[in-house]
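# Topology and contacts: notes
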Protein chains: 2
Amino acid sequence: MLDRLSDKWVTLILAALGSGGGSHQPGADCSGEPRSMRYSQLLRLLVGVSQKMLTQTLRSLERDGLITRTATPTVPVTVAYELTDLGLSLHEMMRGLKTWAEEHMDDVLANRETHDTRVA
Amino acid sequence: MLDRLSDKWVTLILAALGSGGGSHQPGADCSGEPRSMRYSQLLRLLVGVSQKMLTQTLRSLERDGLITRTATPTVPVTVAYELTDLGLSLHEMMRGLKTWAEEHMDDVLANRETHDTRVA
DNA sequence: CTGTATCCACTGCGATACTG
DNA sequence: CAGTATCGCAGTGGATACAG
């Protein structure tokens, strides 16, 4: 469980889906947006993720009921991923962490510098 | 940064230090407790951690200014680890996550079961 | 007691190639 | 487009032994 929550890609996918990808047309009404994203969108957005990890992580999140996978049988196939309520609530938690990270990143970096020079 | 925050042992050490180890004498006054813990205490408390990982994690946390290391030159040496204010604030964040995990663990497990049987 | 140093097994992950 | 399958390596972490 802890392993799942503290997975790098889990965190990033949640963030991506929760913050709603930039897939909207200019001027479109995004209120109440379900914030769904395509497979390829995620692949592009999460720079550095391999197909393997993306698929793997997506599957585990679906299994855990944090996201839904919806395939519409167009040609070629279209697949949309979306946060469930559960996933959304987790995302809210994560946002708190993210905020903390952004606020205190400087402190941490400063501490590292101090610590390192004291050693060197 | 993300990697650091989403490290298993980081999370657990923070939890251990933040929740104050059970190192108190019965009836001792624990209010305003600095919640410090010894190396060996952590080693015992965090079941499954190797000396290597404990030391490594402790060092990185110290470097980031999240914990302090205090060695008192008794014989044998006594070393106490303690959360800094920064570390404490992170711990608070983590508690939120922990709470979420405890509240929704059941849902996740249920979803897994449903999902698995549907596949099988 | 509180570490450091070394070795090594394991596996997680990336890269690549292929399919519906 | 949205995956699955396979291979191979690198880095992570465990076990062990040693030291201040």
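Residues numbered from 1 in each chain as written. Chains lettered and ligands numbered in written order. Predicted model: local features only at pLDDT ≥ 70, side-chain atom pairs only at ≥ 80, totals over all residues. Heavy atoms only, no water.

Okay, the protein's contact with DNA strand C next. Near DNA strand C lie 17 residues; those nearest to it are Lys52(A), Met53(A), Ser40(B), Arg69(B) and Tyr81(B). Counting only the atoms of DNA strand C within 4 Å of the protein, the fraction contributed by sugar and phosphate is 65%. Within the side chain of Arg69(B), one N or O atom sits 2.4 Å away from a phosphate oxygen of DNA strand C. Put simply, the parts of the chain that give the surface near DNA strand C at least two residues each are α4 (51-63) of chain A together with α3 (39-45), α4 (51-63) and β3 (78-83) of chain B. Counting residues per element, the surface near DNA strand C draws most heavily on α4(B), at four residues. The residue inventory of the surface near DNA strand C, partitioned by class, reads six nonpolar, six polar and five charged. (Near = heavy atom within 4 Å. Polar contact = N/O pair within 3.5 Å; in protein donor to acceptor, adjacent residues only side chain to side chain. Helix = DSSP H or I, 4+ residues; strand = E, 2+ residues; numbered from the N terminus. Nonpolar A, V, L, I, M, F, W, Y, C, P; charged D, E, K, R; others polar.)

In this section: the relation of the copies chain A and chain B. Take chain A, turn it by 180 degrees, move it 0.0 Å along the axis, and it overlays chain B with an RMSD of 0.0 Å. Viewed as a symmetry operation, the transformation between the two copies matches a two-fold axis. Within chain A, Ser6(A) has its C-alpha nearest the rotation axis, a separation of 2.2 Å. Looking at the interface residues of chain A, 100% of them are also at the interface in chain B, so both copies use one shared face. (Least-squares fit on C-alpha atoms with pLDDT ≥ 70 in both. Contact = heavy atoms within 4.5 Å.)

Residues and elements named next belong to chain A. The three strands lie next to each other as β1-β3-β2, forming an open sheet whose pairing is antiparallel. Strands with a single pairing partner mark the edges of an open sheet, and in this sheet they are β1 (37-38) and β2 (67-72). In terms of strand pairing, β1 meets strand β3 (residues 78-83) through two bridges, oriented antiparallel. Note that in β3 the partner of Met 37 across the bridge is Tyr 81. On top of the sheet, α4 reaches β2 and β3; it is set at about 110 degrees to β2, its chief contact. (Pairing = 2+ DSSP bridges. Axes fitted to C-alpha atoms, helices over the stretch in contact; angles between N-to-C directions.)

Turning our attention to the protein's contact with DNA strand D. The environment of DNA strand D is made up of 15 residues, and the closest members are Ser40(A), Arg69(A), Tyr81(A), Ser50(B) and Lys52(B). Among all atoms of DNA strand D positioned within 4 Å of the protein, those belonging to sugar or phosphate total 63%. At a separation of 2.9 Å, a phosphate oxygen of DNA strand D approaches a polar side-chain atom of Arg38(A). In the model, a base nitrogen of DNA strand D is placed 3.1 Å from a nitrogen or oxygen of the Gln51(A) side chain. Mapped by element, the contributors of at least two residues to the surface near DNA strand D are α3 (39-45), α4 and β3 of chain A together with α4 of chain B. Among the residues making up the surface near DNA strand D, the classes are represented as six nonpolar, five polar and four charged.

This part takes up helix α2 (residues 8-18) of chain A. All names here are of chain A. Among the eleven residues of α2, eight are classified as buried, and the element is accordingly described as predominantly covered. Among the residues making up α2, those that are buried are Trp 9, Val 10, Thr 11, Ile 13, Leu 14, Ala 16, Leu 17 and Gly 18. One side-chain oxygen of the residue at the start of α2 lies 2.9 Å from the amide nitrogen of Trp 9, identifying that residue as Asp 7. (Buried < 20%, exposed > 50% of the residue type's maximum accessible area, 1.4 Å probe, protein only.)

A cluster of nonpolar residues, Met1(A), Met105(B) and Leu109(B), forms a patch on the protein surface that exposes about 220 Å² of accessible area. You can see Leu109(B) is positioned in helix α5 (residues 85-119). Given the relative accessible area of 40%, Leu109(B) is considered partly exposed. (Patch = residues over 30% accessible without salt bridge, like charges linked within 9 Å, V, L, I, M, F, W, Y side chains within 5 Å. Areas by Shrake-Rupley, 256 points an atom, 1.4 Å probe, with all protein chains shown as cover. Salt bridge = Lys/Arg side-chain N within 4 Å of Asp/Glu carboxyl O.)

Remember, this is a structural readout, not a statement about activity or role.
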